[in-house]
Structure formats: structure tokens, C-alpha cells
Number of protein chains: 2
Amino acid sequence: MKTPSVKRKVKMADIGAALGVSAMTVSRAFKGDAGINARTRAAILAKADELGYVFDATASNLRKSRTGFVAITVPSVENANFSATVRDLTKRLQKKNLQILLANTEYDPAEEERLIVQLLRRKPEAVVLTGAQHSQRTRALLTNVQIPVVEIWDLPEQPLGHVVGFSNRTSMSGLVDHMVRTGRRRLAFLGGETANDPRGVQRRAGFVEAMERHGLDATRLIPAGSAPVGMTEGAAGLDLLLDQYPDTDGLLCVSDLVAFGALAQCKRRGVRVPEDLAVSGYGNYEIGRVCEPPLTTIDVHAGQIGSRTADLILDLLDAPAEGAAQRHVIQPDLILRRSTP
Amino acid sequence: MKTPSVKRKVKMADIGAALGVSAMTVSRAFKGDAGINARTRAAILAKADELGYVFDATASNLRKSRTGFVAITVPSVENANFSATVRDLTKRLQKKNLQILLANTEYDPAEEERLIVQLLRRKPEAVVLTGAQHSQRTRALLTNVQIPVVEIWDLPEQPLGHVVGFSNRTSMSGLVDHMVRTGRRRLAFLGGETANDPRGVQRRAGFVEAMERHGLDATRLIPAGSAPVGMTEGAAGLDLLLDQYPDTDGLLCVSDLVAFGALAQCKRRGVRVPEDLAVSGYGNYEIGRVCEPPLTTIDVHAGQIGSRTADLILDLLDAPAEGAAQRHVIQPDLILRRSTP
DNA sequence: ACCAAAATAGTTATCGTTAACATAATGACG
DNA sequence: CGTCATTATGTTAACGATAACTATTTTGGT
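Remember, it's a predicted structure, so these values are computed and weren't measured experimentally.

Quick notes on the rules
- Residues numbered from 1 in each chain as written.
- Chains lettered and ligands numbered in written order.
- Predicted model: local features only at pLDDT ≥ 70, side-chain atom pairs only at ≥ 80, totals over all residues.
- Heavy atoms only, no water.
- Phe/Tyr/Trp six-rings, centres within 6.5 Å; stacked < 30°, edge-to-face > 60°.
- Helix = DSSP H or I, 4+ residues; strand = E, 2+ residues; numbered from the N terminus.
- Buried < 20%, exposed > 50% of the residue type's maximum accessible area, 1.4 Å probe, protein only.
- Lys NZ or Arg CZ within 6 Å of the ring centre and 35° of its normal.
- Pairing = 2+ DSSP bridges.
- Axes fitted to C-alpha atoms, helices over the stretch in contact; angles between N-to-C directions.
- Contact = heavy atoms within 4.5 Å.
- Polar contact = N/O pair within 3.5 Å; in protein donor to acceptor, adjacent residues only side chain to side chain.
- Parallel < 35°, antiparallel > 145°, perpendicular 65-115°, else oblique.
- Nonpolar A, V, L, I, M, F, W, Y, C, P; charged D, E, K, R; others polar.
- Domains from an automatic or database assignment.
- Salt bridge = Lys/Arg side-chain N within 4 Å of Asp/Glu carboxyl O.
- Near = heavy atom within 4 Å.

## Examining the packing of aromatic side chains
In the structure shown here, the tally under the stated rule is twelve aromatic pairs over all chains. Note on F30 of chain A and F55 of chain A: the rings are 6.1 Å apart at their centroids and 40° apart in plane angle, and the pair reads as tilted. One end of the pair, F30 of chain A, is in helix α2 (residues 23-31); the other, F55 of chain A, is in the loop between α3 (38-51) and α4 (57-64), with 25 residues separating them in the sequence. Ring geometry for F260 of chain A against F260 of chain B: centres 5.8 Å apart, planes inclined by 75°, an arrangement best described as edge-to-face. On the criterion of chain membership, the pair formed by F260 of chain A in helix α11 (residues 256-269) and F260 of chain B in helix α11 (residues 256-269) is interchain, its members lying in two chains. Comparing F260 of chain A with F260 of chain B, the two get one shared label, buried. Three or more aromatic residues joined by ring pairs form one cluster here, namely F30, Y53 and F55 of chain A. The residue whose ring lies beneath R122 of chain B is F69 of chain A, and the NZ or CZ to ring-centre distance is 4.2 Å.

Below, the structure is given as C-alpha cells:
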């Protein structure tokens, strides 16, 4: 077996030379459908394999001015909800040989801006942004760009382009309605500080709005620490709550993780759920289904957001410049479980 | 404001033309450090901004034959452990303006192979594979490739290149030792079926090996369904276990999620943990810290795997062809909590 | 056997940036 | 005031695949 001492990169022309055909013919063999003799193609592909040829997408992309990249920014892939979205988006786009360019903003608009600049240099064919909060410069960059821009996980008032999202506000306010319908009146909201978690802010706003609509006290807002908040903060938050408002009979948490933490703390303090305190979460994480008692929650269909975004992008890439910005509103579902009466 | 009806892409030469300099000078202005007059650079950058220029990484990559891509395959970003690895890897590489190309194998070696082919076409500068199980062709492709290959999350016997991982086997076997040390003898293992979860297989092997070493019965192996298994399967698995081996006094689960499901089911059935049954998890997920009782578990330092892999890659890219394949072994930590005596 | 249509292959120039080399301007110094 | 660094810029030719065009064969219908 001949091992070339200096591994010069094999290119299409080399394969062509070895078979007495032109580079163009080799290119056709790799494209799949173009008019090329089946025998020629087979020979080319075989020779390519033999020479250890690897197609160079960089050169192809430059010439075709199509990259097959789709850029996506997420606050954090570590969040189970966002990762479900990323997974289903990736899954569907992967099938069409589109490549995800993933970037984590760490909940920081300045970092988002830096990343967007980097991502745009790669000439993606679409950009997906999780959330509606962007720096001025990010907005400017993205309105000038000639590719589809999709904001997901929110319903921004001034969208940059297309939207696939749901109303954090309305869904949380529906949850309040349910609590009130079942007789609870002294409700509290437990969530992260407002700094850089726009979804938390919206959910809190939904809580306040619904409480005021019912003529109830909307001031029991417990800060659980800076976003992203989790179980630990939920447990600590419950202590804060009961210190300050011991007669609370319903607790709405910004996420299932927080609610689970609160639940665990209830158990330790001997607070009965839901008899003494009804507790709800948000996001329909697996944990809420399995804990005791199981959590009433909102299913935002995180995976569906990903797959519908993928469908939208695939459509837009097929039929370019297809008129106005689309707005896909996902309906979150209220899931009733035993943590509320 | 003049809106060009046909937005022809602005390139370096256009900026140069507008300022009476050559494209090369513009290129130098964007490179940062090269010998170029400060005033000239400022003018160029300003003009670039004015014209809405976006640097074309595709062309640059082709010319330089460096892409700044790092490819990584993961069974599923949805798994909290893998996503912690991805996050810390991304975080560190992002800072150096390396771009992650993420691909989900869905625990399927055939899909992994397909994705590797796609990824290699993008000319990444390094490839990271989660796990040691690869198809024959994948192995062939990756041994011929001229870039660093890193396998993580395992210690493969025949590594393809570098390794950053830990021993699932040894760590699980250490957990058995602990159970035995604290007086438990009738131990069972609860995990997914073996088909395509090599890490689960290793953990099970560690269980069996340790049990045999102690001269104990190693046959209580409960299948919890096909990987990836979660809380739901854990709960169902506990029922299976107690039906078959009611006198079991220690249960080792393949993950914290499974252990939590089992724990919840114990509570429903009135089984006291740890008095009647000691339970342990694996992976140190947040849930194990907060549930009641908190779970004894193994912390595999998932985030650390990501950051050490990032460091390794950065080193290798700086000092290319730096001799032999490196093997970084991470020491998992045994975390004792109240679910075991 | 003849010709149009279809199938197959080749040529050339290009996508936008940048390495490598060439050139021009500036200054330092004996 | 010439000589040699030093700094700043320009010129040319790639990187590798492929669109657009042209050229050559096959095919099939009459």
C-alpha cells in the first residue's frame, strides 16, 4: 500500500486526471442528478473513494453562493426547553443537509451581538434568534441582511422578520384564571430577577395583569435570584415567600424547576400541597410529571417550536422573497395535575 | 437615503474603490495586526460600515484553507449531561472565534456516519465525537483525516486519536464497593437495554465486575426500556425489580433521572429509602441534589470534559502535529447523599 | 441513410479573499 | 547626501468547485 509522504489534498481535478475526464465531469458525478453517464459516475465515485477524496464544501459554497448554514442563537443549550427546540430544529434541517451553526448568548445581548457578527460572516441562509431582546446594532445588522430572520420563543411587538412563538403573558394569565376558578385568592409569583430574562418578565406581567383583572392583590412577587433560576432558587424562594406572606394559598412559579424546588421545600416545612398551598410550574419539564405531587404546568411545545421553525425555513428557502413576514403562534397547553386542586 | 434596488453584494474591492485603495489594503485592515497605517484602517472600517459590508468567511476560508470550524457529534443535546459538555466546549471555543458545528446522532451509529461525512466536507479543524462506538466506515474516514480527532465521555480501547473521558466502568464499580462497605449485599442494577447506549453498558459491566469481585449475586439486572431512559422508565423499573427480587436492599441506577423515577415510585409503594432500599444514581444531575432524600451519585464533571476538550483542541491547533495521541482521564467523584446509608 | 433532439463531456471564467512578491515612500545615520 | 531599514501599499495568482456556454456523441424517428 502506497502511503504518500506529503499528503497533498486530493481535488476533483485529480480524480478526473486519474480517469481521463475533466474536473467538470467529476463535479457532475457528485451533484447527483445532472446529465452524466451512470458508468462514468460509478467509476468516478469509486476512484474518489480510493484516493480518499473529501468534497470541499468551502469552495463549492463560494462558487454557488449557498452555504447550507442556518445560524441559531440560544440563551443556553443547557436549558431543557431550549435544547428540545434546538434538537427538533436540528433534526429536521439535518435531514436536508443543512448545517446548524449554534451559538450560546448566555442571556447577554452584548454577547449575542458579537456572535451575530461572527455568524453573519459565515453567510448563513437563515438566522434564528431565541427571544426578542436585541441590542440596537443587532437589530440594524439583521434588518439589512438579505436572508430570512426568525425570532422564536416570544411574540415580539416589533419583530425583525418572521416569528414562531407563543405568548408567555397570556398563558401565565390563563394559569392565574384557573387558580382563581378553583377558589384561590392570595396568589404569589416566584421568578428570577428581571434583568435579562425577557420570558420571565412576560410571565410575571401575565400574572400581574390577570390578578388585577380579578381585582386581587398582585404585589406578591418573589425574586428568586438572577436568571436562569433553578431548583435551588425555588427552595430558597419558598422560604422567602412564607416569611413575608404566610397566608398565601397559591404559588405560580416561573418554571417547573423552580416549582419543584419550592415543592421540596414545602415537604420539608410540612406545608401540604395542594391543600395548604397550590403550586404550579411552567414549561412541562419531565420532572413535573414524575414528582409528588405532579405539577400543574404549561406545555409550551418547545420541540414543536423547533420543527415548525425548520419547516418555515425550508419553505422560505424554496420560495425566496415570498412576501410578508410570517407569524406562527403556538398555543401553549394548560396541564392540570395534582399540585393544584 | 439611496436604496439600491438590486442589492449587489459589497466586497472588499468596492470599499477599496470608494477610498482609492486596493482590495489588499482592505483585507489588511480587517486582519487586525498587519502593517497598515492606522488612519487608513480607520477610514476603511468606517466605509465598510457605511456600505453595510459583511466579511465573507467562505472566501477567506477557501484561500487560507482554514475554516475555524470544530465539528462535534453528540447522541442528543437534550441530555443535560451532554449539553453541559457542549456548553462549556462552545463557551471556550466561541471566545477564540471558533465555530461549533453541532450534530445529533440520536444514539445511532449509521446516522453518526452520515453526519461525519457531511461534517468533514466543511473542512473542520478538529472533530469531537461523544462516545467510542463507531461504524467501520466512520473509523476509516477518521483515521485518514489530517486533523485532530477527540473522543470524549469514554475511554475507548482502540482510540481513533485523542481522548478526554472517564471510566464508566470503574466509577460504577466504586459505587458498588460503597454499597457493600455499608452493609448492603443484595444489589440490583437498573438501566436501559444495551443496544445503543455504550455508556450504560459500561456502567452495567462495572456493576457486574464489582459484584463478582465481592462474591455476590450479580444477576439482578433490570432492563428499563430502550435508551435513552428517563424518569418514567425508572418508576416502571422499580416495580419490575420488586416483583422479581423483593428482598433487594440496594439499587444502582444508570442515571440520576432513572434513580429519581425509582425514588418516586418507592414513595408511592411505601418503600423507605434508604432504610429498606438504598438507591444511587449516576451523573450528578440537579434533580438529585434537590429531591427527597437527595441522591448518592457519581459526578462525571460533564462541563469539565467540554472545557478540557476545548483546551486540548486549542493547544493542538497552535502546535500542529505535536506527536502522540493524548489521553486525558477525568476522575469522576462519588457524591454521598442520604439516599444511601 | 439522414437529421433533429437528447445525452454526455469539455472549456473558460468566476465566486471573494489573501499569500507571496514587488514597489514606493519615509526616515535614520554616518 | 547617498545607503539601507522600515513602513505602507499595490499586483498577480491562486484556493477548489461549478455556471454558462460550446462541442461532441448517441439515439430514434422517418
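## Remarks on the sheet that holds strand β7 (residues 221-223) of chain B
Residue and element names in this part refer to chain B. Reading across the sheet, the four strands line up as β7-β6-β8-β9 and stay open at both edges, with parallel pairing between neighbours. Strands with a single pairing partner mark the edges of an open sheet, and in this sheet they are β7 and β9 (278-280). Each neighbouring strand pair of the sheet contributes to a mean axis angle of 20°, computed without reference to strand direction. One ladder, built from four bridges, connects strand β6 (residues 187-191) with strand β8 (residues 250-253); its direction is parallel. Residue L187 lies in a different strand from β8, and its bridge partner there is G250.

## Details of the environment of D154 of chain B
Residue and element names in this part refer to chain B. Inspection of the secondary structure assignment puts D154 in the loop between β4 (149-152) and β5 (162-165). In this structure the C-alpha to C-alpha distance between D154 and Q304, which are 150 residues apart in sequence, comes to 14 Å. With residues up to four places along the chain from it excluded, the contact list for D154 reads G131, A132, V163, G165, F166, N168, R199 and Q202. A polar atom in the side chain of D154 sits 3.0 Å from the side chain of R199.

## A few points about the packing of helix α1 (residues 12-19) of chain A against α2 of chain A
All names here are of chain A. The N-to-C vectors of α1 and α2 enclose an angle of 110°; their axes lie 8 Å apart at closest approach. It follows from the interaxial angle that α1 and α2 lie roughly perpendicular. Contacts from M12, A13, I15 and G16 of α1 reach α2 at A23, V26, S27 and F30. Looking at the contact of α1 with α2 residue by residue, the classes come out as six nonpolar, two polar and no charged.

## A few points about the domain arrangement of chain A
For chain A, the assigned domains read domain 1 (12-55), domain 2 (67-166 + 303-330) and domain 3 (168-299). For domain 1 of chain A and domain 3 of chain A, the distance between their C-alpha centroids amounts to 62 Å.

## Re the interface of chain A and chain B
Of the residues lining the interface, 60 residues belong to chain A; the matching set on chain B comes to 60 residues. Across the chain A-chain B interface, the total number found is eight salt bridges. Here D49 of chain A makes a salt bridge to R137 of chain B, at a shortest N to O gap of 3.9 Å. Elements represented by at least two residues in the side of chain A that touches chain B include exactly α4, α5 (80-95), β2 (99-104), α6 (109-121), α7 (136-144), α10 (231-244), α11 and α12 (286-290) of chain A. When residues of the side of chain A that touches chain B are assigned to their parent elements, the largest contribution, eight residues, is made by α5 of chain A.

## Digging into the protein's contact with DNA strand C
Neighbouring DNA strand C are 25 residues, the closest being T25, R28 and T40 of chain A together with S27 and Y53 of chain B. Take T40 of chain A: an N or O atom from its side chain is 2.7 Å from a phosphate oxygen of DNA strand C. Measuring from a phosphate oxygen of DNA strand C, one finds a side-chain N or O atom of K11 of chain B at 3.3 Å. A class-by-class count of the residues in the surface near DNA strand C yields nine nonpolar, seven polar and nine charged.

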